[in-house]
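# Observations on the three-dimensional arrangement
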Protein chains: 2
Amino acid sequence: MRDIFDAELTQLGEDLVAMSARVERAVTNAGVALLTADLPLAESVIADDLGIDAMERDLDERCVLLLAQQQPVATDLRIVVSALRMSASLERMGDLARHVAQVTRGRYPRHAVPQSLSGTFTEMHDAAVRVARRTTTLLENHDIALAESIETDDDLLDELHEDTFTALLGGSWAGTAQETVDVTLLGRYYERFGDHAVSVARRVTYLVTGALSEDAPTPA
Amino acid sequence: MRDIFDAELTQLGEDLVAMSARVERAVTNAGVALLTADLPLAESVIADDLGIDAMERDLDERCVLLLAQQQPVATDLRIVVSALRMSASLERMGDLARHVAQVTRGRYPRHAVPQSLSGTFTEMHDAAVRVARRTTTLLENHDIALAESIETDDDLLDELHEDTFTALLGGSWAGTAQETVDVTLLGRYYERFGDHAVSVARRVTYLVTGALSEDAPTPA
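Given the structure is predicted, the values throughout are model-derived calculations rather than measurements. Numbering of residues begins from 1 in every chain and follows the order in which that chain's sequence is written. As a convention, the first chain written is A and the first ligand written is 1, with the rest following in written order. Side-chain atom pairs in this predicted model are given and counted only at pLDDT of 80 or more, local residue features only at pLDDT of at least 70, and totals for whole chains, interfaces and linings cover all residues. Hydrogens and water molecules were not included; the side-chain quantities draw on all heavy atoms of the structure.

## Quick look at the overall build of chain A
Put simply, the rule reads: Labels follow the DSSP assignment, with helices taken as runs of H or I lasting at least four residues and strands as runs of E lasting at least two, numbered in each case from the N terminus. Each radius of gyration reported is based on C-alpha atoms, and the globular scaling rule is 2.2 Å times the count of residues to the power 0.38. Note on classification: 1.4 Å probe, protein chains only; a residue is buried when its accessible area is under 20% of the maximum for its type, exposed when over 50%, partly exposed between these limits. Should any heavy atoms of two residues lie within 4.5 Å, those residues are counted as being in contact. Using the Shrake-Rupley algorithm and a 1.4 Å probe, accessible areas are obtained, with residue cover drawn only from the displayed protein chains. Charged residues are defined here as Lys and Arg on the positive side and Asp and Glu on the negative side; His and the ends of the chain fall outside this count. For charged residues, the charge sits on one atom: NZ in Lys, CZ in Arg, CG in Asp, CD in Glu.
Within chain A, the secondary structure is distributed over six helices and zero strands. Reading chain A from its N terminus to its C terminus gives the helix and strand order α-α-α-α-α-α. Rg of the C-alpha trace for chain A: 19 Å, near the compact-globule value of 17 Å for 220 residues, within the 12% margin. Per-residue burial over chain A gives 56% buried out of 220 residues. Long-range contacts, defined here as pairs at least 24 residues apart, represent 80% of the contacts in chain A between residues at least 6 apart. Counting only carbon and sulfur atoms, one obtains 52% of the accessible surface of chain A, whose full area is about 8800 Å². Averaging the positions of the 19 positive and the 37 negative side-chain charges in chain A gives two centres separated by 4 Å.

Below, the structure written as structure tokens:
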């Protein structure tokens with residue numbers, strides 16, 4: 001019985017890693033598509049999000065089955081409940097990558113990001129890709145030093161998000177209303193992407209150390 | 001044993017109702033504060049969100065304890081897992097009400113919503129309040145006809161959200177960049193508020209009827 005349960009927990013962990021890897025690919029491609037106005041790449045991110053949603057449903061069903069059949073307690077129970085939470089965060093990260101791709105598609109053949117902000121959004125893209133890659137690795141190897149670097153990059157995403165407002169509201173902004181709307185939404189998508197990764201990172205840290213940070217965001 | 005468990009399930013249901021009632025108050029006050037530029041009311045929404053967050057944590061701890069101590073299966077298990085999901089959605093709805101209040105506070109003593117869009121945001125506020133009130137009632141009495149009316153108001157919120165873009169991008173918009181940013185974000189907050197309520201409504205419907213809509217949004 002315990003062997004079966006351990007195998008199922010291992011499978012659950014592998015599914016989370018696979019889901020995170022797919023989110024990593026989504027946010028990478030969404031950012032490249034955004035920065036290069038690549039319509040086919042944006043379309044592929046939008047289409048692939050259905051696959052991420054399906055992974056969440058499968059993973060959740062597996063968790064509920066595990067709870068019903070194995071009746072886990074203590075740490076095992078925390079692992080299964082955390083997996084439910086983390087799959088919700090990862091699914092949401094996939095949605096946000098899709099939203100970036102949808103803005104890209106909506107503006108094509110123009111660039112959604114005006115030239116004056118391409119540096120800021122390149123930095124946001126780089127930080128989001130690092131965050132996604134480290135989330136996958138953290139789920140794989142439980143090296144909680146990675147959780148810290150995810151928090152650092154989330155702070156950077158928050159700063160870059162602030163930078164977009166400074167650019168929009170600083171008085172020298174001459175963009176169109178469409179550009180203002182796009183920059184506002186894109187900035188928010190990247191900022192939320194970081195928040196969800198931090199939520200996953202804190203849950204892994206909690207499982208490893210037993211201490212959940214008081215101000216941990218809920219897996220919104 | 002079964003009696004204790006039933007009492008605990010009842011308590012869980014009451015906690016969800018209490019949490020939803022608090023979200024209802026938050027979104028009501030946030031909208032009134034927004035539409036009347038009422039700073040103290042906005043501040044109260046911001047402060048009260050900590051209480052909603054605390055309710056989520058308590059409710060989640062209770063769910064995990066219930067899973068550990070009562071080892072529920074079948075419908076009971078689904079109820080507890082759904083409660084975990086629904087508390088996450090309600091917490092997020094509280095966050096969104098807080099975000100509306102924060103925009104209000106940031107613009108005070110000016111109004112965040114320009115005169116030309118006050119009608120649209122009044123309608124959004126009314127729809128969000130109806131959605132929140134019906135969510136509370138649905139959690140209380142499980143009358144799934146309410147779930148349908150929540151979906152209808154969510155569709156209305158989506159349309160009103162589209163209306164804000166039409167106003168911003170229609171060519172006759174003469175607002176400042178700050179107004180464009182605020183309208184973009186406020187519209188998105190209300191639109192997401194509706195999505196989360198629909199997620200709660202679909203979970204209640206699923207518990208009552210056993211059928212989860214395929215395209216049900218995850219409790220992001």
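## Some thoughts on the packing of helix α1 (residues 2–36) of chain A against helix α6 (residues 177–209) of chain A
Residue and element names in this part refer to chain A. We count it as follows: Helix axes are fitted only over the stretch in contact, all axes being lines through C-alpha atoms; the angle between N-to-C directions runs from 0 to 180 degrees. Here the word oblique covers every angle except those under 35 degrees (roughly parallel), over 145 (roughly antiparallel) and from 65 to 115 (roughly perpendicular). With the far helix as reference, a near helix turned anticlockwise by less than a right angle produces a left-handed crossing, and one turned clockwise produces a right-handed crossing. Following the grouping adopted for this structure description, the nonpolar residues are Ala, Val, Leu, Ile, Met, Phe, Trp, Tyr, Cys and Pro, the charged ones are Asp, Glu, Lys and Arg, and the polar ones are all others, Gly among them.
Across the interface, α1 lies against α6 with an axial gap of 13 Å and an inter-helix angle of 155 degrees. Regarding the angle of α1 to α6, the classification is roughly antiparallel. α1 and α6 meet at a crossing whose hand is left-handed. Facing V23, V27, G31 and L34 of α1, the residues of α6 in contact are L186, Y190 and F193. Per-class residue counts for the contact of α1 with α6 are six nonpolar, one polar and no charged.

## A word on the side chain of D154 of chain B
Residues and elements named next belong to chain B. What counts, and what does not: Any Lys or Arg side-chain nitrogen located within 4 Å of an Asp or Glu carboxyl oxygen qualifies as a salt bridge.
Within the secondary structure, D154 sits in helix α5 (residues 145–169). Despite being buried, D154 has no salt bridge partner; R202 is the closest side chain of opposite charge, sitting 6.4 Å away. Setting aside its immediate chain neighbours within four residues, D154 contacts V131, E191, G194, D195 and V198.

## What about the interface of chain A and chain B?
Inclusion rule: Buried area, as used here, totals the accessible surface that two parts lose on assembly, with accessibility defined by a 1.4 Å probe and the loss added over both.
Between chain A and chain B, the contact holds 37 residues from the first and 37 residues from the second. Carbon and sulfur atoms supply 59% of the area that chain A and chain B bury against each other, a total of about 3200 Å² over both sides. The largest per-residue losses of area from chain A upon contact with chain B belong to Q71, R85 and R188 of chain A, which jointly make up 17% of the total buried on that side. Across the pair R85 of chain A and D60 of chain B runs a salt bridge, and its minimum N-O distance is 2.1 Å.

## Things to note about the UniProt feature "domain: PhoU" (unreviewed entry) in chain A
All names here are of chain A. Convention followed: UniProt positions are given in the numbering used here, feature names are shortened, and annotations may be inferred rather than shown by experiment.
Within this structure's numbering, the places UniProt gives as "domain: PhoU" (unreviewed entry) are residues 18–103 and 122–204. Between the first and last C-alpha atoms of residues 18–103 the distance is 26 Å; the span itself is 94% helix and 0% strand. The distance from the first to the last C-alpha atom of residues 122–204 is 28 Å, and the span holds 88% helix and 0% strand.

## Observations concerning the environment of F5 of chain B
Residues and elements named next belong to chain B. Inspection of the secondary structure puts F5 in helix α1 (residues 2–36). C-alpha separation for the pair F5 and Y189, spaced 184 residues apart in sequence, amounts to 37 Å. Once residues within four sequence positions are removed from consideration, F5 is found in contact with L66, Q70, P72 and D76.

## Some words on the relation of the copies chain A and chain B
Going by this rule: To line up the copies, we fit them by least squares on C-alpha atoms, keeping just the residues with pLDDT of at least 70 in both.
Structural alignment of chain A on chain B gives an RMSD of 0.0 Å, achieved by rotating through 180 degrees and translating 0.0 Å along the axis. Here the copies are linked by what is in effect a two-fold axis. Most of the interface of chain A is mirrored in chain B, where 100% of its interface residues again form contacts.

## As for the environment of L139 of chain A
Relative to the assigned elements, L139 of chain A resides in helix α4 (residues 118–141). Each C-alpha atom, one on L139 of chain A and one on D15 of chain A, is 9.9 Å from the other, the two residues being 124 residues apart in sequence.

## Overview of the packing of helix α3 (residues 74–107) of chain B against helix α6 (residues 177–209) of chain B
Residues and elements named next belong to chain B. At a minimum axis distance of 9 Å, the contact between α3 and α6 shows a crossing angle of 165 degrees. Judged on the interaxial angle alone, α6 and α3 are roughly antiparallel. In the packing of α3 onto α6, the handedness of the crossing is left-handed. Grouping the constituent residues of the contact of α3 with α6 by class yields 15 nonpolar, six polar and seven charged.

## Structural notes on the pattern of salt bridges
One pass over the full model with this rule turns up 32 salt bridges over all chains. The partner of D95 of chain A in a salt bridge is R92 of chain A, and the shortest N-O contact between them spans 2.8 Å. Placement of the pair is D95 of chain A and R92 of chain A together in helix α3 (residues 74–107), with a separation of three residues, close to one helical turn. The exposure class assigned to D95 of chain A is buried, which follows from its relative accessible area of 7%. In this structure, D153 of chain B and R130 of chain B form a salt bridge, with 2.7 Å as the shortest nitrogen-oxygen distance. Taken together, the residues span a long stretch of sequence, with D153 of chain B in helix α5 and R130 of chain B in helix α4 (residues 118–141) at a distance of 23 residues. A relative accessible area of 25% places R130 of chain B in the partly exposed class. Put simply, D49, R92, D95 and R98 of chain A are held in one network by salt bridges that share partners.

## Some words on α6 of chain B
All names here are of chain B. Applied cut-off: Multiplying 1.5 Å by the helix residue count minus one yields the expected span of that helix.
In this model α6 runs 48 Å from its N-terminal to its C-terminal C-alpha over 33 residues, within 8% of the 48 Å that 1.5 Å per residue would give. The buried count for α6 comes to 28 of 33 residues, which makes it a mostly enclosed element. Following α6 by one or two positions, G210 has its phi on the positive side, about 85 degrees.

## Some details on helix α5 (residues 145–169) of chain A
Taking 1.5 Å per residue, 25 residues should reach 36 Å; α5 of chain A reaches 37 Å between its end C-alpha atoms and fits that length. When α5 of chain A is considered as a whole, its buried residues turn out to be L146, A147, S149, I150, D153, D154, L157, L160, H161, T164, F165 and L168 of chain A. Where α5 of chain A is buried, its residues touch α4 and α6 of chain A together with α6 of chain B. Backbone geometry just downstream of α5 of chain A places G171 of chain A in the positive-phi region, at approximately 105 degrees.

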